[in-house]
Amino acid sequence: DDFFLQPDDLYQITIAKIKTENGQMSVDELSVKPLLGFDEFKMRFPNKRQLVQFTIPKMNFSDIALKKNKISLSEAKIVNPQFLVYTSSTVQKKEEARNKNFEVDFHGVLLKNASLKIIKPDGTHLAEAEKLNLSITDFIFNKETARQTIPVHYKDFKLSGENVFLAIHENFSFKHFSVTPNSGI
């Protein structure tokens, strides 16, 4: 591995290969893995709401900036990522949510052929989707946008996917879907 980081007692981050060419950075096999299982996570971190795991086999971008609580990404292509999120039954206090000062600033980001699974505390699926594709021209989330009805600003986007399952009060399944700022199927 070209890169290894263990930022805390919860996660390990690895990258198999990093290279730059013609002003583009290329990252192969980016992985963020929890160091413990979900049951142990719930016992050791009872106030945390989520345990995440993801792998990104291939990612290219022209600009990335990581500062304290801000991530900026420009002209990025992320191919075949797999996201897994375990949720706990911990309820976040409104005051804690309001005081978070996390910022996301994306310009020209393409997510291609992603898969997503979100697992409820009882082990059942809250959401699952395959072949997710997302194209974002401009996307901003910050403290100011978080206070608005729609907590993000965006210029243009297109989101599509297949085999989507959502379990919110009732179970919903979609074979295919596509959403833009002006339409949705």
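Let me sum up the structure you'll find in this document. As the structure is a prediction and not an experimental result, all values here were calculated from the model. (Residues numbered from 1 in each chain as written. Predicted model: local features only at pLDDT ≥ 70, side-chain atom pairs only at ≥ 80, totals over all residues. Heavy atoms only, no water.)

Focus on the overall build of the chain
In step 1: The helix and strand inventory of the chain stands at 3 helices and 12 strands.
In step 2: By the compact-globule yardstick of 16 Å for 185 residues, the chain fits well, its C-alpha radius of gyration being 17 Å.
In step 3: Counting only C-alpha atoms and orienting by the principal axes, one finds that the chain spans roughly 45 × 40 × 35 Å.
In step 4: Burial analysis of the chain (185 residues in total) assigns 26% to the buried set.
In step 5: Across the chain, the fraction of contacts at a sequence separation of at least 24, relative to all contacts at a separation of at least 6, is 53%.
In step 6: Accessible surface computed for the chain: about 12,200 Å², of which carbon and sulfur atoms make up 53%.
In step 7: Averaged over its 25 positive side-chain charges, the chain has a centre that lies 3 Å from the centre of its 23 negative ones. (Helix = DSSP H or I, 4+ residues; strand = E, 2+ residues; numbered from the N terminus. Rg over C-alpha atoms; globule rule 2.2 N^0.38 Å. Buried < 20%, exposed > 50% of the residue type's maximum accessible area, 1.4 Å probe, protein only. Contact = heavy atoms within 4.5 Å. Areas by Shrake-Rupley, 256 points an atom, 1.4 Å probe, with all protein chains shown as cover. Lys, Arg positive; Asp, Glu negative; His and termini not counted. Charge placed at Lys NZ, Arg CZ, Asp CG, Glu CD.)

Points about the nonpolar core
In step 1: In this structure, Leu 10, Leu 30, Phe 41, Met 59, Leu 73 and Ile 78 are the most contacted members of the largest nonpolar core, which totals 28 residues.
In step 2: The leading source of residues in this core is strand S8 (residues 103–119), at 5 residues. (Core = buried A, V, L, I, M, F, W, Y, C linked by side-chain atoms within 4.5 Å.)

Notes on unusual backbone geometry
In step 1: A positive phi angle, close to 50°, is found at Asn 22, a residue other than glycine.
In step 2: Checked against the element boundaries, Asn 22 lands in the loop between strand S2 (11–21) and strand S3 (24–34).
In step 3: With relative accessibility at 76%, the residue Asn 22 sits in the exposed group.
In step 4: Phi is positive for Lys 131, close to 45°, though the residue is something other than glycine.
In step 5: With respect to the secondary-structure elements, Lys 131 resides in strand S9 (residues 125–141).
In step 6: Judged by its relative accessible area of 42%, Lys 131 falls in the partly exposed class.

Structural notes on the pairing of S9
In step 1: Pairing of S8 with S9 involves 12 bridges; the strand directions are antiparallel. By the bridge assignment for S9, Phe 106 is matched with Phe 139.
In step 2: Connecting S8 to the antiparallel partner S9 that follows it, the hairpin turn spans 5 residues, and Gly 123 within it adopts a positive phi of roughly 95°.
In step 3: Sheet analysis places S9 next to strand S11 (residues 157–168), joined by 7 bridges and oriented antiparallel. Across the sheet, the residue bridging to Ile 136 is Phe 157, located in S11.
In step 4: Strand direction decides the pairing type here: S9 and strand S10 (residues 153–154), joined by 2 bridges, are antiparallel. Each bridged residue has a counterpart across the sheet, and for Phe 139 the counterpart in S10 is Tyr 154. (Pairing = 2+ DSSP bridges.)

Let's talk about a nonpolar patch on the surface
In step 1: On the surface, Phe 3, Leu 5 and Ile 18 cluster together to form a nonpolar patch covering roughly 220 Å² of accessible area.
In step 2: Mapping Ile 18 onto the fold places it in strand S2. (Patch = residues over 30% accessible without salt bridge, like charges linked within 9 Å, V, L, I, M, F, W, Y side chains within 5 Å. Salt bridge = Lys/Arg side-chain N within 4 Å of Asp/Glu carboxyl O.)

Things to note about the packing of aromatic side chains
In step 1: Evaluated as defined, the whole model comprises 6 aromatic pairs.
In step 2: Judged by centre distance (5.9 Å) and plane angle (20°), the rings of Phe 38 and Phe 41 are stacked. One end of the pair is Phe 38 and the other is Phe 41, both in helix H1 (residues 38–44) and 3 residues apart, which spans about a single turn.
In step 3: A relative accessible area of 13% means that Phe 38 is categorised as buried.
In step 4: Residue Phe 41 is classed as buried on the basis of its relative accessible area of 0%. (Phe/Tyr/Trp six-rings, centres within 6.5 Å; stacked < 30°, edge-to-face > 60°.)

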